Amino acid sequence: MNHSADVVKKDIAAILAISIISAALYLTLGEKIMDYGRDLSHPLFLRFLPVLLIQFGMSCLSILIVLLKNKEKLSAYGQVRKHIWQSLFGCLLVSVPTVAFLFATNDLHGFLPFQGMFLTK
């Protein structure tokens, strides 16, 4: 087996292991995380932090570890900073019709990013 295939297998194993550990943490601590999230005596950010960390562990942490281990950059995979402000402006611009529609239908009060989560009322 060549060296690059061996490295890829190790990288995939690392990604799977970190994702499985994150999922296991959520499965074992999920109820405690939910209870903490429902406790209104803590600030919203602190209640959201455990959920954020689990999601980060499931989706990003393993990829970042593999990139650091292999001394690679995200730009090698197509992520560039060129035209970032035009991109951000475009994202804001395409959300205007949605906000205008919600305003016109008097449903703007229901436009909450975390509305489906247990962290908001």
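The structure this text deals with has already been given above.
These notes cover the structure that comes with them.

The next point concerns helix H2 (residues 44-69). Along H2, the sharpest kink reaches roughly 55°, centred on Gly57. Residues of H2 that are buried: Arg47, Val51, Ile54, Gly57, Ser62, Val66 and Leu67. Positive phi appears at Lys71, one or two residues downstream of H2, with a value of about 55°.

This part is about the environment of Glu72. With respect to the helices, strands and loops of the structure, Glu72 is situated in the loop between H2 and helix H3 (84-104). Overall, Glu72 belongs to the partly exposed group, its relative accessible area being 32%. With near-sequence residues (within four places) excluded, Glu72 lies in contact with Leu67 and Tyr77.

Going through the model one piece at a time under the given rule, you end up with three salt bridges. Measuring nitrogen to oxygen at the nearest pair gives 3.0 Å for the salt bridge that ties Lys69 to Asp11. In this pair, Lys69 is assigned in helix H2 and Asp11 in helix H1 (residues 3-38), connecting sequence segments 58 residues apart. Of the charged contacts in the structure, one is a salt bridge between Asp35 and Arg38, with a shortest N-O distance of 3.7 Å. Taken together, the residues span about one helical turn, with Asp35 and Arg38 both in helix H1 at a distance of three residues. Since its relative accessible area comes to 43%, Asp35 is described here as partly exposed.

Thresholds, definitions, all that
Residues numbered from 1 in each chain as written. Predicted model: local features only at pLDDT ≥ 70, side-chain atom pairs only at ≥ 80, totals over all residues. Heavy atoms only, no water. Bend = angle between axes of the 7 residues up to and from the residue. Helix = DSSP H or I, 4+ residues; strand = E, 2+ residues; numbered from the N terminus. Buried < 20%, exposed > 50% of the residue type's maximum accessible area, 1.4 Å probe, protein only. Contact = heavy atoms within 4.5 Å. Salt bridge = Lys/Arg side-chain N within 4 Å of Asp/Glu carboxyl O.

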